Each structure stands twice: as structure tokens, then as C-alpha cells.
Amino acid sequence: DQQVKQNSPSLSVQEGRISILNCDYTNSMFDYFLWYKKYPAEGPTFLISISSIKDKNEDGRFTVFLNKSAKHLSLHIVPSQPGDSAVYFCAAKYGAGNNRKLIWGLGTSLAVNP
Amino acid sequence: DAGVTQSPTHLIKTRGQHVTLRCSPISGHKSVSWYQQVLGQGPQFIFQYYEKEERGRGNFPDRFSARQFPNYSSELNVNALLLGDSALYLCASSWTLEGGQPQHFGDGTRLSIL
């Protein structure tokens, strides 16, 4: 049972345009959502997170939007750059204290074309 | 500051053998988590340690075990290796597991079972 779903395995955008990566979740207990980027042969790198009590968080070119009623979040990258080409993972946290867990989606491969 | 370091980077084993993977967290980080990632999937949670105590275990057989040492480094052990254990094994560390603290990943150990 996939609690965090990234339904688009891949996405291709033109350099300078907006990239929108989507993520849906099923568990109402998730209280933080995180986006990671992964290049081949490297470990995932943390990009940006959002608390479930917020609806938007912005960091430079990266903005994450959360629609809690729809159990949906999205990562916007504006403007997209060729160096953004990577696999993007949506992950969600739940649990109490130091017994918290991080559940991952399957990832979306983003290709930014020059 | 050094990031999360994992050793070895690559490993080839045969079925039935045993393997030990090692991880050194970022200095000051007290939590270490282990993930298995197969191609085309997101990381799957194996174990989580905080302050040398196991704080979570994923849906993996008892052939998988781990421990965290007083210096917060960690080992993942896998016995009786199967072909299906071939994967990228990722270690992640964080100062705490509470709230939305992101985990920081090493570049992983690529394990191939022949």
C-alpha cells in the first residue's frame, strides 16, 4: 500500500519554464512533507519541507504547496535549469518524539532541456 | 564539515554470504537510519536508531540487523544473502527525529549479489 504517491514517473520541461512535480498521500497522520533530489550515484539531497499546518513554503526557486483537504502537495521550480535534471522524491513524516518515520514516494525523473 | 560517509561504496557478494555495511553520521547527529533502494523505487525504510537505541524497524526479514555505536556510527548486517538483496543501501543521519528535521544521506553502498 503506497501511502505516498508520485503518479508521474517522468517530466520534461524547457529551460527557464516552470517545473511542477506532484505528490499525493493517503495517511492523515503525516505532519511534515519533504522533497529530496537525487542524482545518479549520489544519495538523496534535501530540498525543502513543509509542515502540515502550512499551505506554502518558499526557498529561492523552489516552492512547495500543500492542499491538506485534497491530500496533495506540489513542488514548483521556477525557473527550471538544466542542473535541476534529477529524480525528485516526495517523503512524509509521522509519529511521535524520536519514533518518527519517513515514508517515500517512488520518485519523478525531471529532465530540463536547454 | 564532513557529510554522511558510507563504506564500502561498492560490494559484490555471492548468495548465502554475509555482509556488513558501515555508516558515519554527520558530527553531532544522534540518529541514523538505513534504507534499501532498488532501481525505479523510492528508498524503503529498514532500521532507525536514536541515541544507540532502535527506534523503528521496517518490513525486512530477520536476516537484516543493525546497531549504533557510542560514537553514533552504525553498521547494517545482512546474513544469508539472496539475489533480491541486490540494491543501493543508503544511510541517513539527523540531529533528532523530532518535528520536520530532514535526514541527510550518504552516497550509499551498491551491493550486488551474484
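### Description of the packing of aromatic side chains
No. 1: The tally for this structure, following the rule as stated, stands at 14 aromatic pairs over all chains.
No. 2: Between A:Trp104 and B:Phe105, the ring centres sit 5.4 Å apart and the planes meet at 85°, which makes this aromatic pair edge-to-face. Of this pair, A:Trp104 sits in strand 10 (residues 101-104) while B:Phe105 sits in strand 10 (residues 104-105), placing the two residues on different chains. Assigned by exposure class, A:Trp104 and B:Phe105 land together as buried.

### A few points about the state of the cysteines
No. 1: Going through the model one piece at a time under the given rule, you end up with two disulfides over all chains.
No. 2: The disulfide partner of A:Cys23 is A:Cys90, and the S-S distance across this bridge is 2.1 Å. One disulfide, between A:Cys23 and A:Cys90, carries an S-S torsion of -75° and so falls in the left-handed class. Here A:Cys23, found in strand 3 (residues 19-25), pairs with A:Cys90, found in strand 9 (residues 86-94); they are 67 residues apart in sequence, far enough to count as distant. Residue A:Cys23 shares its accessibility class with A:Cys90, and that shared class is buried.
No. 3: With a sulfur-sulfur separation of 1.8 Å, B:Cys23 is cross-linked through a disulfide to B:Cys91. For the disulfide bridge between B:Cys23 and B:Cys91, the dihedral angle about the S-S bond is near -65°, and by the sign convention the bridge is left-handed. In this pair, B:Cys23 sits in strand 3 (residues 19-24) while B:Cys91 sits in strand 9 (residues 87-94), placing the two residues 68 residues apart along the sequence.
No. 4: According to the relative accessible area criterion, B:Cys23 is buried, its value standing at 2%.
No. 5: In this structure B:Cys91 comes out as buried when scored by relative accessible area, which is 0%.

### What about the environment of B:Asp62?
Residue and element names in this part refer to chain B.
No. 1: Mapped onto the elements of the fold, Asp62 is located in the loop between strand 6 (53-57) and strand 7 (64-68).
No. 2: On the basis of relative accessible area, Asp62 is assigned to the exposed category, the value being 70%.
No. 3: Through-space distance from the C-alpha of Asp62 to that of Val78 is 8.7 Å; in sequence the pair is 16 residues apart.

### Remarks on the interface of chain B and chain A
No. 1: Every contact between the two is made by 24 residues of chain B and, on the other side, 20 residues of chain A.
No. 2: Interface area, chain B with chain A, both sides summed: about 1,800 Å², of which 53% is carbon and sulfur.
No. 3: Between chain B and chain A we count zero salt bridges in total.
No. 4: Along the contact surface separating chain B from chain A lie nine residue pairs in polar contact (both at pLDDT 80 or more).
No. 5: Looking at the side of chain B that touches chain A, the elements with two or more residues in it are strand 4 (31-37), strand 5 (44-50), strand 6 and strand 9 of chain B.
No. 6: In terms of residue count, the dominant contributor to the side of chain B that touches chain A is strand 5 of chain B (three residues).
No. 7: Here the residues of the side of chain B that touches chain A are counted per class, giving nine nonpolar, twelve polar and three charged.

### What to know about a nonpolar patch on the surface
All names here are of chain A.
No. 1: A grouping of Ile18, Ile20 and Val78 is seen on the molecular surface, where their side chains present a nonpolar patch of about 220 Å² in accessible area.
No. 2: Tracing the chain through its elements places Val78 in the loop between strand 8 (72-77) and strand 9.
No. 3: Given the relative accessible area of 41%, Val78 is considered partly exposed.

### Thoughts on the sheet that holds strand 8 of chain A
No. 1: The sheet built from five strands is open, its strands ordered 1-3-8-7-6 (chain A) with antiparallel pairing. The outermost strands of the open sheet, each flanked by one partner alone, are strand 1 (4-5) and strand 6 (56-59) of chain A.

Cut-offs applied
- Residues numbered from 1 in each chain as written.
- Chains lettered and ligands numbered in written order.
- Predicted model: local features only at pLDDT ≥ 70, side-chain atom pairs only at ≥ 80, totals over all residues.
- Heavy atoms only, no water.
- Phe/Tyr/Trp six-rings, centres within 6.5 Å; stacked < 30°, edge-to-face > 60°.
- Helix = DSSP H or I, 4+ residues; strand = E, 2+ residues; numbered from the N terminus.
- Buried < 20%, exposed > 50% of the residue type's maximum accessible area, 1.4 Å probe, protein only.
- Disulfide = S-S within 2.5 Å.
- Contact = heavy atoms within 4.5 Å.
- Buried area = accessible area lost by both parts, 1.4 Å probe.
- Salt bridge = Lys/Arg side-chain N within 4 Å of Asp/Glu carboxyl O.
- Polar contact = N/O pair within 3.5 Å; in protein donor to acceptor, adjacent residues only side chain to side chain.
- Nonpolar A, V, L, I, M, F, W, Y, C, P; charged D, E, K, R; others polar.
- Patch = residues over 30% accessible without salt bridge, like charges linked within 9 Å, V, L, I, M, F, W, Y side chains within 5 Å.
- Areas by Shrake-Rupley, 256 points an atom, 1.4 Å probe, with all protein chains shown as cover.
- Pairing = 2+ DSSP bridges.

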